[in-house]
Amino acid sequence: MLSYIVRRLIYMIPTLWVISVVAFFVVQLAPGDFLTKYKLNERISQETLQHIARHLGLEKPCEPLEGQWSGCVERYWQWLKGVLFSSESIDPQTGQRWQVWSVSTRFPFLHWNPDFGFSFETNQPVSVLFWERLPLTLLVTVPTFLFAWLVSLPLGIYAATRQYSLGDTIFTILGFAGLSIPNFFLALVLMYWLVTSLTPTLCGWGLGFFCPGNPGASVGGLFVQEHMGGSPWPWDWSLKKWLDYLWHLWPAVLVIGSSSIAGLMRVMRGQMLDILSSQYIMTARAKGLSERVVIYKHALRNALNVMITLFGQSLPGLIGGALITAIVLNFPTVERLFYEALRAYDDYLVQTLLMFFAILLLIGNLLADILLAWVDPRIRYD
Amino acid sequence: MMKHWIVLATLVGLGILLGGCQGVPPGIKPPELPQQEKQEQERKEQEKREAERQEQEEKAKASEPSPESKLSTVGTLEVVRVEVFPSSRLVTRDGTVAFNIYVRNPTANEVAEEIALVLDGERLGSQKAQLKPGETRHLHFQIRGFAKAGRKIVELGGQKVEISVIEPQPARGGVIPIDAKVVSVPEGLSEPGLPGGKIVVATISGPKTLNPVVAQETSSTDVTGLMHAGLIETRWEDYTPAPGLAVAWELSPDKKELTLHLRRGVRWSDGTCCFSADDVLFTYKDLHLNPEVNSAGRDLLYVEGQPIEFLKIDDETVKVIMPKPFRPIFWSLTFAILPKHKLADKVAKLNPGAKGYLEGLKKVLEDNRRALQEISGEKVAELDRRLSALSDAVNTQQLDQVRASVKAVQETLQALQAAVTEEQAELIATLHRALDDTHKIVEQAEANKWAGVSPELFNNTWSLGTPASEFVGLGPYRFVRYDVDQQVILERNPYYWKIDPNGVQLPYFDQFVFLIVPNLDTAFLKFKAGEIDVLGPRPSDWPQLMEGVRDLERDCVQKSSDVTICLNSVNNWKLIRNGPTFGETYLAFNQDVEKVAPDKPFYKALQAVFRHVQFRKAMAHAVDKESIIENIYNGLAVPQWSPVSIPSPYYDKSESFTKYEYSLQRAAQLLDEIGLKDVDGDGVRNITDEFLKNFANPEDRPTDLAPFGPEKDRELEFVLATNSGNQIRERIVSLLVNDFAKIGVKANARPMDFNALVNQLTTSTFEAMVLGLTGSPEPNNGSNVWKTNGRLHFWRYSSKEKPPAWEKRVDELFDLGATTFDEDEVKRIYKEFQQLVSENLPYIYLVNQQFLYASKAELGNNENFKPNWGVLAFADTLWWKDEKRRQ
């Protein structure tokens, strides 16, 4: 098993390299670059434009569709060089040590500290921008992820064991509704309902938590203004901040969760039905096993295989799952950073985040494969 | 104790100077003079800076054609005008009141008269004015500080000026500078408020940097704008300049020099005393004009390619020298002044380090090698040896060796200096400078500054990761914290230099919070939920906001023709509609459209059509502005006809430009007249042979029609693009396409990605486009668009080589507009420009949205919000009328 894992990890290296090349050049296919938005500013002269281009290293054009490659290759190499060969976590421009978690501080013997480039917009290292947003991102995605999986699995099993019953039909309809309503729209409707009817009513009933100025009356974001900032880690929070967080979290959990629940539930149901109709289930029933044992020991364990694969594939969703919804719900997440970087043609930032998603996907697949071997004794890699 | 002291000594000194300086350019005046008290000036160039009251007086006198009417006389001299700083006539007890008195000599002889400054009957001092026949010039007077608060009468040259002296109240935690500015109505304060509380506003995106020099986009400048202040501020009413960190200014008679008198005793937000001319020079010379720095405002500091110069006269006086008279100079003086004490060590130019000084030293010697060689070739060779030893020491960073080699180099230099003859003064000075450099090398080495700072350091200074204590400014607020993508918190600057007429230090709020809300729908909901206090709504949000306004008669106040304020009593909101905004939407045809496909004759034909003014006029008649306003803007817009934004003071209020009323019939007729007819009966007009032969502009007329093919294949058809994602523009395009189809012109709507669109614009490969530019009060900011050599002259780049006559005139008008100071004249210049554009229609202007603004009803002092400042205006004078919000 161990040798398998090592082999898979080694395979990842060329895969990642190919991904990095494809990602970089596909992103560059879109016309324009970071400077384009300045070009229509009537107060910026040609000299100033050139000055900015020089400052950011964007002098050479990169328009693959027009056959101008030199800039792309240069920028890609710049980025790759930083990632592979950078040995110190020192900002070359200010001479200061970057205050982020770095490989070189933990494993100094490696003499390697990947430098993922800097953001054109803020002039900050990409890694800083990423780490700043990661904790709050996880605060949104982990509960949503857990919610989606913890709800969809039992629902799927329930629906499969009671195929075409009233409950199955209701869940199916709800599931399809959840799938077909755009998340961001659902989020807006939910927020509108909260603002215009739910919280005023609750406040009217004398619940101070929901009256203006209190966390309950706030929509969007993760906290009310007073609770933003401070430690992002839940174990440092006061009770008030916890309540605030939970109140802001549930619309996200509901909106983002609802669409994944629908999909996962349907897959779970299908798999279960598939297995339940196989002959060994009939055998199990025939030899008089209780229905519980038949379903949970014999059917479920076999049906889980596909779910585990899906689980592995959904790992990048933890960081970059619900882009538009995160913006509508005003969450300060990595998705939003990615979206804004894409819009601004912030090349190194986009590239690094894409690579990060790719790594998560590869790791998710590996995890799924390991889990499969663990769950299903028939699967062996050696 | 003598509480009011005026600069009497300098008045007398300058009185003498004035007598003796005729014909001497003011720039040559000895800089050690403490106050540039007097400068000549012509009467008419000053209207821009006129006090509001005086302007009204002027308007009352508008029937008199002669602007040179006298106000009073001093002996034989006529007083034509008195400028008072501040124009509000409100001043703190220790503050500065300044006067520019303009006198004219109407006689045919040279006249000298004494002009006295009298305060409440007590003569404070006088200056002698000596004028040549017919000459007009000004004298500058200042009173610094008064014995006690109250009303004062100042008499100057027979003119009486009433001044209110205000006693400041104790500072809240910090210090109020002695020379504080008293904020009054023109600066945005309608009513004095009470301090306390916090305000929360929404912004679309977090700041990208907090460095005001390099910040480009509004998400950053909105924040830095509150943390910093400029020398000059702009009044909300008429966009005229008002004193900021400069208390008063004088413009020289040749209009090329502006002398600024700085506010005294202003502390930085870290408590450091005090802001001075050094900071001004640092900001402009070492930062904005320093090529290493990525200044976002540098282009405003160049006049026709020449930089504006800044000179320090003394700690309180700065002289700005323009290469040519430059009227928009006041906009360039609104830049944030930055603290030299905090930032000087971040600028490479000021911190070359030991290596930098060594390089400088080597260069000096290299430049003078020949001269030195003549004196002593032996010594020069020795110097070379010793310098290379010094280089080694510096490169290996060995302090002892550096000291030793510097000593050796110094010895050689001194020996050389001794050998130089008296006549070679220049060489002596050079060697002297070289010696200075050697001392610097040791100094820098001792301070462990070997390499000097990187040229990029300043551009990355004050980034988002910088600790809050590093941010120091002169603005109303100080930086506290940025919670990434969530909020920016600012707090009151307790050293701020403005007070209200009750003597309370501004700003009133203790905290100013920007909540970052990227989605406008979410921002709207947050406003509804009461989480944000101020909202800049879209036209589509307006009906919802107005729902709670039951009775338009009772709840709405029409403050002026433009401004309506409504109170939504259900939700407790104040809703303000304030005239058109800056920026405009327009339709442009590419008059170089053959560049789309140079090998296709069709585009050459289309270019002939686009270049034909009658075609563009027909299109202008086919634009249904009323429908655009009603259907797309919910009625919250006005039609626009002129290239100057409607709220700009240079907008032609008489609307003498040509307007094209909506008439499809007229449009069709105009097209018929020039032979653009539908020859094949498919409902779309064709670019006929008749048009090409007889009607196209002579220079566009093809000699040979053969390559163009049959005329029925030349449909009058083009792509009408706009940037996708801008819903308003997309809807405008589809509306235009419909109307154009009715007159047989086939426009194909195409929303495009913004970047692709910019690409087409800058390479002249678009066909037609609906677009908008930001616009501003100052038309000269549009010179990049309008001048034929402008970078954004994208509707006809070829004008650079072959400008049509009217475009040549526009070039002239823009040059004139920037160099003329007489406001009436400037208005005439831009009026002609507006007429020319409306007749020639390079752009067909569409509509201009009204400025919309919503806030909590209890927010005070925001009735005067003007488009130029958006929802952040008056951040220092807003206050909560509700006591609970002030806690």
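Residues numbered from 1 in each chain as written. Chains lettered and ligands numbered in written order. Predicted model: local features only at pLDDT ≥ 70, side-chain atom pairs only at ≥ 80, totals over all residues. Heavy atoms only, no water.

### A look at the pairing of strand 28 (residues 563-568) of chain B
Residues and elements named next belong to chain B.
Here is step 1 of the chain: The element strand 28 is largely enclosed, with a buried count of 5 among its 6 residues.
Here is step 2 of the chain: Examined bridge by bridge, strand 27 (residues 556-558) and strand 28 share 3 bridges and lie antiparallel to one another. Along strand 28, the bridge assignment pairs Gln558 with Thr564.
Here is step 3 of the chain: Where strand 27 folds back on strand 28, the antiparallel hairpin that results is connected by 4 residues.
Here is step 4 of the chain: The pairing of strand 28 with strand 29 (residues 573-580) spans 6 bridges and is antiparallel. (Buried < 20%, exposed > 50% of the residue type's maximum accessible area, 1.4 Å probe, protein only. Helix = DSSP H or I, 4+ residues; strand = E, 2+ residues; numbered from the N terminus. Pairing = 2+ DSSP bridges.)

### Considerations on the sheet that holds strand 17 (residues 257-262) of chain B
All names here are of chain B.
Here is step 1 of the chain: Sheet architecture is open: 4 strands sit in the order 16-17-21-20, paired in antiparallel fashion. Among the strands making up the open sheet, the edge pair consists of strand 16 (246-251) and strand 20 (309-314). This sheet shows a mean twist of 25 degrees between the axes of neighbouring strands, independent of strand direction.
Here is step 2 of the chain: Sheet strands in contact with helix 4 (residues 277-288) are strand 17, strand 20 and strand 21 (317-321), and its direction is about 170 degrees off that of strand 20. (Axes fitted to C-alpha atoms, helices over the stretch in contact; angles between N-to-C directions. Contact = heavy atoms within 4.5 Å.)

### Remarks on the interface of chain A and chain B
When the parts come together, some accessible area is lost, and that loss is often what is quoted as the size of the interface.
Here is step 1 of the chain: Between chain A and chain B, the residue contacts involve 51 residues of the former and 59 residues of the latter.
Here is step 2 of the chain: Taken over both partners, the interface formed by chain A and chain B buries close to 4,900 Å², and the fraction arising from carbon and sulfur atoms is 51%.
Here is step 3 of the chain: The three residues of chain A that bury the most area against chain B are A:Leu40, A:Glu42 and A:Gln225, which together make up 17% of that side's buried surface.
Here is step 4 of the chain: Between chain A and chain B we count 2 salt bridges in total.
Here is step 5 of the chain: Salt-bridge contacts for B:Asp485 lead to A:Arg133; the nearest nitrogen and oxygen are separated by 3.0 Å.
Here is step 6 of the chain: If you look at where chain A meets chain B, you find 21 residue pairs in polar contact (both at pLDDT 80 or more).
Here is step 7 of the chain: At the level of elements, helix 2 (36-39), helix 3 (46-56), helix 6 (126-161), helix 8 (183-204), helix 13 (323-328) and helix 14 (334-344) of chain A are the ones that each hand at least two residues to the side of chain A that touches chain B. (Buried area = accessible area lost by both parts, 1.4 Å probe. Salt bridge = Lys/Arg side-chain N within 4 Å of Asp/Glu carboxyl O. Polar contact = N/O pair within 3.5 Å; in protein donor to acceptor, adjacent residues only side chain to side chain.)

### Some points on the packing of aromatic side chains
Here is step 1 of the chain: Scanning all chains against the criterion turns up 62 aromatic pairs over all chains.
Here is step 2 of the chain: Taken together, a centroid distance of 5.3 Å and an interplanar angle of 45 degrees make the contact between B:Phe512 and B:Phe514 tilted.
Here is step 3 of the chain: Relative accessible area serves as the criterion here: at 1%, B:Phe512 is assigned to the buried category.
Here is step 4 of the chain: Under the relative-accessibility criterion, B:Phe514 is labelled buried at 1%.
Here is step 5 of the chain: Here the aromatic cluster, defined as three or more aromatic residues joined through ring pairs, consists of B:Tyr586, B:Tyr650, B:Phe766, B:Trp786, B:Phe794, B:Trp795, B:Trp806, B:Phe814, B:Tyr830, B:Phe833, B:Tyr843 and B:Tyr845.
Here is step 6 of the chain: Stacked on the ring of A:Tyr38, the Lys or Arg A:Lys37 has its end atom at 5.7 Å from the ring centre. (Phe/Tyr/Trp six-rings, centres within 6.5 Å; stacked < 30°, edge-to-face > 60°. Lys NZ or Arg CZ within 6 Å of the ring centre and 35° of its normal.)

### Structural notes on the environment of B:Val185
Residue and element names in this part refer to chain B.
Here is step 1 of the chain: With respect to the helices and strands, the residue Val185 is situated in the loop between strand 12 (181-182) and strand 13 (198-203).
Here is step 2 of the chain: Given the relative accessible area of 40%, Val185 is considered partly exposed.
Here is step 3 of the chain: Taking the C-alpha atoms as reference, Val185 lies 54 Å from Asp436; in sequence the two are 251 residues apart.

### Looking at the pattern of salt bridges
Here is step 1 of the chain: Applying the stated criterion across every chain, the model contains 63 salt bridges over all chains.
Here is step 2 of the chain: Taking the shortest distance from any N to any O, the salt bridge between A:Arg133 and A:Glu132 comes out at 3.4 Å.
Here is step 3 of the chain: Owing to a relative accessible area of 32%, A:Glu132 belongs among the partly exposed residues under this scheme.
Here is step 4 of the chain: A salt bridge links A:Glu340 to A:Arg336; its shortest N-O distance comes to 3.9 Å. Placement of both A:Glu340 and A:Arg336 in helix 14 is noted, with a separation of 4 residues, approximately one turn of the helix.
Here is step 5 of the chain: Through salt bridges with shared partners, a single network forms among B:Lys181, B:Glu233, B:Lys498 and B:Asp876.

### A short note on the packing of helix 7 (residues 353-367) of chain B against helix 9 (residues 377-395) of chain B
Residues and elements named next belong to chain B.
Here is step 1 of the chain: Running from N to C, helix 7 and helix 9 cross one another at 165 degrees; their axes reach a closest spacing of 10 Å. Viewed along their axes, helix 7 and helix 9 adopt a mutual orientation that is roughly antiparallel. At the point where helix 7 passes helix 9, the crossing takes the left-handed sense. Side by side, helix 7 and helix 9 meet where Ala354, Lys355, Leu358, Leu361, Lys362 and Leu365 of the first sit next to Leu383, Leu387, Leu390, Ser391, Val394 and Asn395 of the second.
Here is step 2 of the chain: Looking at the contact of helix 7 with helix 9 residue by residue, the classes come out as 8 nonpolar, 2 polar and 2 charged. (Parallel < 35°, antiparallel > 145°, perpendicular 65-115°, else oblique. Left-handed = near helix turned anticlockwise from the far one by under 90°. Nonpolar A, V, L, I, M, F, W, Y, C, P; charged D, E, K, R; others polar.)

### Observations regarding helix 17 (residues 625-632) of chain B
Residue and element names in this part refer to chain B.
Here is step 1 of the chain: Listed as buried for helix 17 are Lys625, Ile628, Ile629 and Ile632. Axial view of helix 17: buried residues confined to an arc of 110 degrees, hence all on one face.
Here is step 2 of the chain: Against strand 31 (637-639), helix 20 (727-742), strand 35 (843-845) and strand 36 (847-856) lie the buried residues of helix 17.
Here is step 3 of the chain: Asn634 occupies a position one or two residues after helix 17 and carries a positive phi of about 55 degrees. (Arc of directions from axis to C-beta.)

### As for the environment of B:Asp485
Here is step 1 of the chain: Looking at the secondary structure, you find B:Asp485 in the loop between strand 22 (477-483) and strand 23 (487-492).
Here is step 2 of the chain: Remark: the alpha-carbon pair of B:Asp485 and B:Leu515, spanning 30 residues in sequence, is separated by 8.6 Å.
Here is step 3 of the chain: Not counting the four nearest positions on each side in its chain, B:Asp485 is found in contact with A:Arg133, A:Pro332, A:Thr333, A:Arg336 and B:Ile516.

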